[in-house]
Amino acid sequence: MKPTLVLFSGLQGCGKTTLARLVAQILNIPLFAKDRFQSLLRRHDLAERASADGYYLLLDMADEQLGLGVSVVLDAVFPLPGYRKEAAQIAGNHAAQFRPIYCYCSNEAEWKKRLNNRSHIYVPHWSPVGWSEVERFREFFTPWPPDKCLFLDTMDSLDGNLTKVLAWVKNG
């Protein structure tokens, strides 16, 4: 497989991390999650929880891996076009494929339920956000253009979405 930057985007609690982790595991490629970087920075008093510093580290790690010819999966909200464009540019700089995936949950009641009942936290020392944070992010989250990425409704089956992602990564 040609080196590929697989970018998972979507509001908090929609299910993107579950998919990102599965894809990284199946394809045996590194996964970098913004929350993990942000947690580490916060624990060492290097950044506030809501700072963008985790994005800079995330994108720098992607640049390093792609420079080595290694594909990478990125997991973050990616609310603004600037971060997305930078990720695409990094992929382009290394002649790598860019495969953005926008995850959303079409059933708001189910989404809230999932958000409030998370049983597994993937990031050590990180407390997941609540619905008020999702609503705050909605105010400035810029929608993805439909022709620029794969849209996945996480109300669909995990297996079905995984099949779509793997085909998207392979064939675009």
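Look a little higher up for the structure.
Trainee: Hey, could you run me through the layout of surface pockets in this one?
Mentor: Gaps between atoms show up when a probe of the same size as a water molecule is rolled over them. Roughly 170 Å³ of internal volume is contained in the second largest pocket. Surrounding the second largest pocket, P81, R84, K85, F98, P100, T142, P143, W144, P145 and K148 form its lining. Elements with a contribution of two residues or more to the lining of the second largest pocket: α4 (81–93) and β4 (97–104). Counting residues per element, the lining of the second largest pocket draws most heavily on α4, at 3 residues.

Trainee: Looking at this structure, I do not really get the sheet that holds β4. What am I missing?
Mentor: Sheet strands line up and pair through hydrogen bonds in the backbone, either parallel or antiparallel. Pairing in this open sheet of 5 strands is parallel, and the strands run β2-β3-β1-β4-β5 from one edge to the other. The sheet is open, and its two edges are formed by β2 (31–33) and β5 (150–153), each paired on a single side. The sheet shows a mean angle of 20 degrees between the axes of neighbouring strands, taken without regard to direction. Seen against the sheet, helix α3 (residues 53–67) touches β1 (4–9), β2 and β3 (72–75) and runs at an angle of roughly 170 degrees to β3. Sheet strands touched by α4: β1 and β4. Its angle to β4, the strand with the most contacts, is close to 150 degrees.

Trainee: How should the nonpolar core be read in this particular structure?
Mentor: Proteins that are soluble and globular tend to have nonpolar side chains buried together. Ranked by size, the top nonpolar core spans 46 residues in total, and within it L5, F8, V73, L74, F78, I101 and V165 carry the most contacts. Here the element with the most residues in this core is α3; it accounts for 5 residues. L74 has contacts with L5, V6, L7, F8, F32, L58, L59 and A62, leaving out every residue within four places of it along the chain.

Trainee: Is there a simple way to explain the packing of aromatic side chains in this structure?
Mentor: Summed over all chains, the structure comprises 7 aromatic pairs. Seen from their ring centres, Y55 and F78 are 5.3 Å apart, and the 70 degrees between their planes marks the pair as edge-to-face. Note that Y55 is positioned in helix α3 and F78 in the loop between β3 and α4, a separation of 23 residues in sequence. When its relative accessible area of 5% is taken as the criterion, Y55 is described as buried. Through successive ring pairs, a cluster of aromatic residues spans Y102, Y104, F141 and F151.

Rules and cut-offs
- Every chain begins its residue count from 1, and numbering advances along the sequence as written.
- In view of the model being predicted, local features appear only for residues whose pLDDT reaches at least 70, and side-chain atom pairs are presented and counted only at 80 or more, with totals across whole chains, interfaces and linings using the full set of residues.
- The basis for every side-chain value is the complete set of heavy atoms in the structure, and neither hydrogens nor water enter the calculation.
- In the cavity and pocket records, a cavity denotes points on a 1 Å grid over the protein atoms alone where a 1.4 Å probe fits but cannot get out, a pocket denotes an open set with protein on both sides within 12 Å along at least 5 of 7 lines, and lining residues are residues with an atom within 4 Å of a point.
- Grid points are joined across faces, edges and corners, and a volume is the space filled by probe spheres set on the points.
- Secondary structure follows DSSP: runs of H or I at least 4 residues long count as helices, runs of E at least 2 residues long count as strands, and numbering of each begins at the N terminus.
- Strand pairing requires that DSSP identify at least two bridges connecting the strands.
- Note on geometry: axes are lines fitted to C-alpha atoms, helical ones only across the stretch in contact, with angles between N-to-C directions running from 0 to 180 degrees.
- Whether two residues touch is decided by their heavy atoms; if any such pair falls within 4.5 Å, the residues are in contact.
- The criterion is simple. A nonpolar core is a set of buried Ala, Val, Leu, Ile, Met, Phe, Trp, Tyr and Cys residues joined through side-chain atoms within 4.5 Å.
- For each residue, the accessible area found with a 1.4 Å probe, counting protein chains only, is set against the maximum for its type, and the residue is called buried under 20%, exposed over 50%, and partly exposed in between.
- In this analysis, rings of Phe, Tyr and Trp, with Trp reduced to its six-membered ring, are considered paired at centre separations within 6.5 Å, and the interplanar angle assigns stacked below 30 degrees, edge-to-face beyond 60, and tilted for intermediate values.

Nothing here speaks to function; it is all geometry.
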